[in-house]
Amino acid sequence: MTPTDLIAMALDNVGLGSTTARVNRARQYLNEVAQGIYTGAVPLGTTKKHQPIRWQWAVKETTLTMVDATRSYSLASDVLEPYESFDTTNDRWVPMTYVSRLDHWDPDEDDTGDAERIAVTGRDATTGYWIVIRYRYYAQWVDLTSANDATDLNAKLPEWLQPALRSGISEMYLREKGDLESADIQRRVKEDTVNRAVARNFHSLGQQALRLHRPRRRAEYRVQEGSLS
C-alpha cells in the first residue's frame, strides 16, 4: 500500500474528511508510528520483557569506497546502528570497536594501510589505500513527505505490518479528538498486528538455533560389499 491508501483508510476510520491539513497531520502520525515499529518501541505482549526487537526485514547491507587520507565517511541515511563490517578487497571481516581504543592505538591519526578497525562515532577508524568496505546495519525509518504519498511502502515495511500504520494513525487522531475509548481499540488492533509480525519474525529462517538430536544408540557402519582403502 501507499501512504495515500493508509491515510485515507485511517481518516475513514475516525470519520474525518481528507483535507490537506488532516492528510499532513496523518502523515506525521504515520511517521511516528513507523519509527516506533522500527525501533521496537511499541509495547508487545509476545516478547520478553525489556528485550528489543530485531526485525529481519530491517537488516540491510551496503558498501563504502574508502580512500587514502580520508578518515570520516557518511553512512546510509537510514542507518539506525551498524553492527558488522567487511573488507571485500582483502576478503576479511573488520571488527568494530570504541573510538577511545583507536585513540590509544593511534593518537595522532597518522597510521596508513588496510582497515583494521571501524569505530561507530561519525568518524571512521581507517586511513590507507583504496578499500571497499561492506557493512550491515539495522535500518531506521526515514520520515515520509508529501512527495512519497504515491510510493509503495513494501520496500520500507512488509505488507503484513502496514495495517499497524493505519491503526496507529487512527489511534492518534482519536486521542487528539478526545475519544480515548475508540483510540484504545485502535491501539489494541495496532499492537495485535505488530505481535503477529513479531511471531513471524521469530520463526523465520535464521532466527532459530538448529539443534541436532543425538542418536539413542551409536550408529555403526558396516561394509556390505567391496573393501575400504
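Residues numbered from 1 in each chain as written. Predicted model: local features only at pLDDT ≥ 70, side-chain atom pairs only at ≥ 80, totals over all residues. Heavy atoms only, no water.

Focus: the packing of helix α1 (residues 3-13) against helix α2 (residues 20-39)
Direction vectors running N to C along α1 and α2 enclose 105 degrees, while the axes themselves pass 10 Å from each other. The orientation of α1 relative to α2 falls into the category roughly perpendicular. Residues Pro3, Leu6, Ile7 and Leu11 of α1 form the contact with α2, whose participating residues are Arg22, Val23, Ala26, Arg27 and Leu30. A breakdown of the residues in the contact of α1 with α2 according to their chemical character gives 7 nonpolar, no polar and 2 charged. (Axes fitted to C-alpha atoms, helices over the stretch in contact; angles between N-to-C directions. Helix = DSSP H or I, 4+ residues; strand = E, 2+ residues; numbered from the N terminus. Parallel < 35°, antiparallel > 145°, perpendicular 65-115°, else oblique. Contact = heavy atoms within 4.5 Å. Nonpolar A, V, L, I, M, F, W, Y, C, P; charged D, E, K, R; others polar.)

Here we look at the pattern of salt bridges
The tally for this structure, following the rule as stated, stands at 11 salt bridges. For arginine 25, the salt bridge goes to glutamate 176, with nearest N and O atoms at 2.9 Å. Here glutamate 176 lies in helix α4 (residues 162-176) and arginine 25 lies in helix α2, a separation of 151 residues in the sequence. Judged by relative accessible area, which is 34%, arginine 25 ranks as partly exposed. Residue glutamate 176 is classed as partly exposed on the basis of its relative accessible area, which comes to 37%. Between aspartate 149 and arginine 27 there is a salt bridge, with the nearest N and O atoms lying 2.8 Å from each other. With aspartate 149 in the loop between β6 (131-139) and α4 and arginine 27 in helix α2, the pair connects residues that are 122 residues apart, well separated along the chain. You'll find aspartate 149 and arginine 27 in the same group, each marked buried. (Salt bridge = Lys/Arg side-chain N within 4 Å of Asp/Glu carboxyl O. Buried < 20%, exposed > 50% of the residue type's maximum accessible area, 1.4 Å probe, protein only.)

Comments concerning α1
What α1 keeps buried is the set Pro3, Leu6, Ile7, Ala10 and Leu11. An end-on view of α1 places all buried positions within 130 degrees of arc, on one side of the element. Contact partners of the buried residues in α1: α2 and α4. (Arc of directions from axis to C-beta.)

As for α4
An ideal rise of 1.5 Å per residue puts 21 Å on 15 residues; α4 measures up with 22 Å between its terminal C-alpha atoms. Residues Gln162, Pro163, Ala164, Leu165, Ser167, Gly168, Ile169, Ser170, Glu171, Met172, Tyr173 and Leu174 constitute the buried set of α4. Just beyond α4, the residue with positive phi is glycine 178, at close to 90 degrees. (Expected span 1.5 Å × (residues − 1).)

Let's talk about the pairing of strand β2 (residues 79-87)
Bridge count between β2 and strand β3 (residues 92-94): 3 bridges; the pairing is antiparallel. Bridged to aspartate 87 within β3 is arginine 92. As consecutive antiparallel partners, β2 and β3 are separated by 4 residues, and within that stretch aspartate 91 has a phi angle of approximately 55 degrees, a positive value. (Pairing = 2+ DSSP bridges.)

Here we look at the nonpolar core
Counting 38 residues, the largest nonpolar core has Leu30, Ile37, Trp55, Leu165, Ile169 and Tyr173 as its most contacted members. Those elements giving two or more residues to this core turn out to be α1, α2, β1 (59-66), β6, α4 and α5 (180-203). In this structure tryptophan 55 touches Ile37, Tyr38, Leu161, Val194, Ala197, Val198 and Asn201, once residues within four positions along its chain are discounted. (Core = buried A, V, L, I, M, F, W, Y, C linked by side-chain atoms within 4.5 Å.)

What about the packing of aromatic side chains?
Within this structure, the stated rule accounts for 4 aromatic pairs. When the ring of tyrosine 38 is compared with that of tryptophan 57, the centres are 5.1 Å apart and the planes differ by 80 degrees; the resulting orientation is edge-to-face. Of this pair, tyrosine 38 sits in helix α2 while tryptophan 57 sits in the loop between α2 and β1, placing them 19 residues apart in sequence. Accessibility expressed as a relative area gives 21% for tryptophan 57, which makes it partly exposed. Sitting above the plane of the tryptophan 141 ring, lysine 156 keeps its charged end 4.4 Å from the centroid. (Phe/Tyr/Trp six-rings, centres within 6.5 Å; stacked < 30°, edge-to-face > 60°. Lys NZ or Arg CZ within 6 Å of the ring centre and 35° of its normal.)

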